[in-house]
Structure formats: C-alpha cells, structure tokens
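What the coordinates show
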Amino acid sequence: MTVPVCTNAPRLLVESFPTRYGIKIKAVQVAAPDRGGWGHDAIWSAVYASWDWQACPRLLVVYEATDGDRAWWVLMGGVRGEVGYDLDNPGRAVGFAFDVPGVILHELYHALGCKEHNMDRCHEHLARIKRGGR
Ligand SMILES: [Zn+2]
C-alpha cells in the first residue's frame, strides 16, 4: 500500500516512516513554501497558498527549527509542529526539524490522519488505510 503525501522534504518522509506497517509513503507533489512567520496563522497561510488542496489531502511540510522554536520547545515541553486548521480532519501537518527523528515521525502520523496522541487509534487508522480505506 502506497500513501501519497505532498511535502517539501520527500526523502526525509520516506526514510522516517517505519516499514513495519506495510505502508509506503510516496511524495507526489513537492513544493517549498517559505515559512510565513512565527505563529500558527502565518505558517498555515503560507502552506495553504502553496498547494492544491484537492490534490493533496495529506501533506507534511518540514521547516528548519528557529531559535524561537527551540525556546518554545523547552518552555512548552516539546512542541513539535502544527496541525492544520481543521483539527477534525487531520492530514495536514507542519514539523519543525530539531534533529529528532521522532518529530518527523510524529507529524507524519498526523499527516496520515491520526488525531492527537492516541496511538492505539492511530494504529487502527493505519490498518484501515492499508485495507484501502481513508
Ligand atoms: Zn501531535
């Protein structure tokens, strides 16, 4: 089973996803949006302007972590990224590269449609994708 994902970091995504799920990540559209700014709205405005959402139901953009992101990371106990506006319909995520492979994997789960932090549910969701569901 191959799942299409739009991204600015195709190799990183493919290499970060464990093979044990029997799901392969395939980067189908690559673009490199500038990071619009610091906050959620600025980041998502830039991301939304760079892709055709009909063609990209699943998307993960990876930005280089800034010093501000690193401070936020320390103060807030590890903010790894941003999920799209519509939290009931995950599938869109931004990750900040902290040289932590777990960050990319975490955001990749969101990009595949897993909601916030229930891994049992996430594994069920991945099994559904594997069976050909959404
Ligand atoms: Zn999360």
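Structural data are supplied above this passage.
This write-up is about the structure you can find in this document. Keep in mind that this is a model prediction, so the values were computed, not measured.

Looking at the overall build of the protein
Helix and strand counts for the protein stand at five helices and five strands. In the protein, the succession of α and β elements from N to C terminus is β-α-β-α-β-α-β-β-α-α. Its C-alpha atoms give the protein a radius of gyration of 14 Å, near enough to 14 Å, the size a compact globule of 134 residues would have. Taking the intrachain contacts of the protein between residues at least 6 apart in sequence as the baseline, contacts between residues at least 24 apart amount to 49%.

Overview of the pairing of strand 2 (residues 24-30)
If a strand is regular, its side chains alternate between the two faces of the sheet. Inspection of the sheet shows strand 1 (residues 2-7) paired to strand 2 by six bridges, in the parallel sense. Pairing of C6 across the sheet is with Q29, part of strand 2.

Observations regarding helix 5 (residues 119-130)
Because an α-helix packs 3.6 residues into every turn, residues spaced three or four apart end up facing the same way. Helix length check: helix 5 (12 residues) gives 16 Å between terminal C-alpha atoms against 16 Å at 1.5 Å per residue, within 8%. Looking one or two residues past helix 5, G132 carries a phi angle of roughly 100°, positive in sign.

A few points about the sheet that holds strand 3 (residues 59-64)
As summarised here, the arrangement of the five strands in space is 2-1-3-5-4, forming an open sheet in which the pairing is mixed. Each edge of the sheet is formed by a strand with only one pairing partner; in this case those strands are strand 2 and strand 4 (81-83). Here the strands of the sheet are splayed against their neighbours by 25° on average, with no regard to which way each runs. Set on the sheet, helix 4 (residues 101-111) makes contact with strand 1, strand 3, strand 4 and strand 5 (92-97); between it and strand 5 the angle comes to about 175°.

Topic: the nonpolar core
In terms of nonpolar packing, the biggest core is built from 22 residues, with V5, L60, V61, L108 and A111 touching the most fellow members. Of all the secondary structure elements, the ones that give two or more residues to this core are strand 1, helix 2 (40-50), strand 3, strand 5 and helix 4. Filtering out sequence-adjacent residues up to four positions away, L60 remains in contact with V5, T7, L13, A93, G95, E107, L108 and A111.

Re the environment of R80
Position of R80 relative to the elements: it lies in the loop between helix 3 (67-75) and strand 4. In this structure R80 comes out as buried when scored by C-beta crowding, with 20 C-beta atoms within 10 Å. Each C-alpha atom, one on R80 and one on R131, is 29 Å from the other, the two residues being 51 residues apart in sequence.

Definitions and limits used
- Throughout this document, residue positions are counted from 1 along each chain, in the order its sequence is written.
- Local features in this predicted model are restricted to residues of pLDDT 70 or higher, and side-chain atom pairs are both shown and tallied only at a pLDDT of 80 or more, whereas totals for entire chains, interfaces and linings draw on every residue.
- Runs of E in the DSSP output that reach at least two residues are strands. Runs of H or I that reach at least four are helices, and both are numbered from the N terminus.
- As defined in this context, the radius of gyration uses C-alpha atoms, and a globule is described by 2.2 Å times the residue total to the power 0.38.
- Residue pairs are scored as contacts if the distance between their C-beta atoms, which are placed from the backbone, is within 7 Å.
- The pairing criterion for strands is at least two bridges between them, as found by DSSP.
- Expected helix span is taken as 1.5 Å per residue step, with the number of steps being one fewer than the number of residues.
- Angles shown run from 0 to 180 degrees and are taken between the N-to-C directions of axes, each axis being a line fitted to C-alpha atoms and, for helices, limited to the stretch in contact.
- To count as a nonpolar core, a set of buried Ala, Val, Leu, Ile, Met, Phe, Trp, Tyr and Cys residues must be joined through C-beta atoms within 7 Å.
- Residues with at least 20 other C-beta atoms within 10 Å of their own are called buried, those with 12 or fewer are called exposed, and the rest are partly exposed. The C-beta atoms themselves are positioned from the backbone.

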